[in-house]
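# Fold and geometry: a report
Each chain, written out:
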Amino acid sequence: MDYDAVRAIDPEVAAALSGEVERQNETLAMIASENHVSEAVLEAQSSVLTNKYAEGYPGSRYYGGCEYADEIEQLAIDRAKELWGAEHVNVQPHSGSQANMGVYLAMLEPGDRILSLDLTHGGHLSHGHPANFAGQVYEVEQYEVDEETGYIDYEGLADHAAEFDPDIIVSGYSAYPREVEWERIQAVADDVDAYHLADIAHITGLVAAGVHSSPVGVADFVTGSTHKTIRSGRGGIIMCDEEYADDIDSAVFPGSQGGPLMHNIAGKAVGFREALEPSFEAYAEQTVANAKALADRLQEHGLELVSGGTDNHLVLVDLRPSHPDTTGKDVEEALEEAGIVLNANTVPGETRSAFNPSGIRAGTPALTTRGFDEDACREVADLIYEVVDAPEDDDLVAEVSERVAALTDEYPLYDNEEPLYE
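Residues numbered from 1 in each chain as written. Predicted model: local features only at pLDDT ≥ 70, side-chain atom pairs only at ≥ 80, totals over all residues. Heavy atoms only, no water.

With an unreviewed UniProt entry as reference, the protein is termed Serine hydroxymethyltransferase, source organism Halapricum desulfuricans. In its Function (unreviewed entry) section, the UniProt record describing the protein reads: "Catalyzes the reversible interconversion of serine and glycine with tetrahydrofolate (THF) serving as the one-carbon carrier. Also exhibits THF-independent aldolase activity toward beta-hydroxyamino acids, producing glycine and aldehydes, via a retro-aldol mechanism." Reading the Subcellular location (unreviewed entry) entry of the UniProt record for the protein gives the comment "Cytoplasm". (UniProt positions renumbered as here; feature names shortened; annotations may be inferred.)

This next bit is on empty space enclosed by the protein. Tallied over the entire structure, the rule returns one cavity of 30 Å³ or more. Put simply, the largest cavity is a space of about 100 Å³. Residue lining of the largest cavity: 15 residues in total, with Tyr173, Tyr176, Val180, Ile203 and Asn312 positioned closest to the centre. For the lining of the largest cavity, the residue count by class is seven nonpolar, six polar and two charged. (1 Å grid on protein atoms, 1.4 Å probe; cavity = no way out; pocket = protein on both sides within 12 Å on 5 of 7 lines; lining within 4 Å. Points joined across faces, edges and corners; volume = space filled by probe spheres on them. Nonpolar A, V, L, I, M, F, W, Y, C, P; charged D, E, K, R; others polar.)

According to UniProt, the "domain: Serine hydroxymethyltransferase-like" (unreviewed entry) feature falls on residues 8-384. The span residues 8-384 carries 42% helix and 15% strand; its end-to-end C-alpha distance comes to 41 Å. (Helix = DSSP H or I, 4+ residues; strand = E, 2+ residues; numbered from the N terminus.)

A word on the packing of aromatic side chains. Per the stated rule, a full pass over the model turns up 12 aromatic pairs. Both rings, one in tyrosine 62 and one in phenylalanine 253, keep their centres 5.4 Å apart while their planes meet at 80°; by these two values the pair is edge-to-face. One end of the pair, tyrosine 62, is in the loop between strand E3 (60-61) and helix H4 (67-84); the other, phenylalanine 253, is in the loop between helix H10 (245-252) and helix H11 (262-275), and 191 residues separate them in sequence. Taking relative accessible area as the criterion, tyrosine 62 reaches 59% and is therefore assigned exposed. Ring centres of tryptophan 84 and phenylalanine 272 lie 5.4 Å apart, and the angle between their planes is 85°; this geometry places the pair in the edge-to-face category. Placement of tryptophan 84 in helix H4 and of phenylalanine 272 in helix H11 is noted, with a sequence separation of 188 residues between them. Pair check on accessibility: tryptophan 84 and phenylalanine 272 agree, each one buried. Taken together, the ring pairs in this structure connect Tyr104, Phe133 and Tyr138 into an aromatic cluster. (Phe/Tyr/Trp six-rings, centres within 6.5 Å; stacked < 30°, edge-to-face > 60°. Buried < 20%, exposed > 50% of the residue type's maximum accessible area, 1.4 Å probe, protein only.)

Right, let's get into the environment of histidine 124. Note that histidine 124 resides in the loop between strand E5 (113-117) and helix H6 (133-137). Relative accessible area serves as the criterion here: at 28%, histidine 124 is assigned to the partly exposed category. The spacing of histidine 124 and serine 174 is 50 residues in sequence and 5.9 Å in space, taken between C-alpha atoms. The contacts of histidine 124, once residues within four sequence positions are left out, are Ser97, Leu119 and Ser174. (Contact = heavy atoms within 4.5 Å.)

Shown next, in the form of structure tokens:
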């Protein structure tokens, strides 16, 4: 990744790109929504399809010259159907949030009611937060997790739905470390005559590999991101039964987007092809095993985890019981200085601002892509705890940074010698 062509025209941008390669090589990416795609996906996403407008869908475009765009988009669709078992797939959303927008626009009218998980309990902005368009266009109320257990309060959800009478219930979360019981939420939706949208943005890869239960065929609509645990081109996806296909496609284009980002769709197609290989199931299994190892070791150090552990790729640490005077932002900044990049995160019963919350969220997808196993993740947990315990100790942070450097040397990334993964 030398960026010679960019450097010849724009040395400032080339320097920043090279700096980002170096940053990713020399730090541990533990933001739960991040991953490292293969060189093949990077190549597809930087392809000449950047030049091509392809408004419409395969076989029905508004412009000519789309024969190869059609071929690639159809490959992405067919591979997604095979991965997730969906009847209909739209691969054009530019992001997971825009995938959610597509469902809302297709099935709701302004002022209709959305019931979704509270942001501080693990929900997502696009599920109806007031700062997001969904919270401005629709009437939104939110359910919660049980603060004692950290698990979704399914009975409370049912009671809330019966009282609120929503038009759509949203499941699937951005900071929930447990497996979701899709059928229970679908039963609630059926009882109140609501649609059910399952947003699997974080767990697309885990669902595809069968290490997390699937909402496809259970929920009316399934949306997701295509660059997180599925490790393909950056963007979003919508899956549904054939009866909703026309409404969904029209809501994406022309309802909420113009021309699709065909270079990203090429990246999706390549990433989906990789995910169909048997090795991907092993990757997903290792991602979960690594998260469990991380969780167990953090608890051995006395840190409290929301729900007491994890079933998926992430852990959510509540700092209040063990370190009441330390905020998630304190830890995030100190860990980044040490070369471990994760994010401050709200926790159930949050008493601080979302900008300076009481928890941290850490994920294992990117570490697993680099080749980390359980032992390596336990070592990372040790490093995280040392910084949590003394985030203002510059000497300790510097020592942890040296140990991080040894790990990144042991598990290289984009080294131009060996492929990132087979």
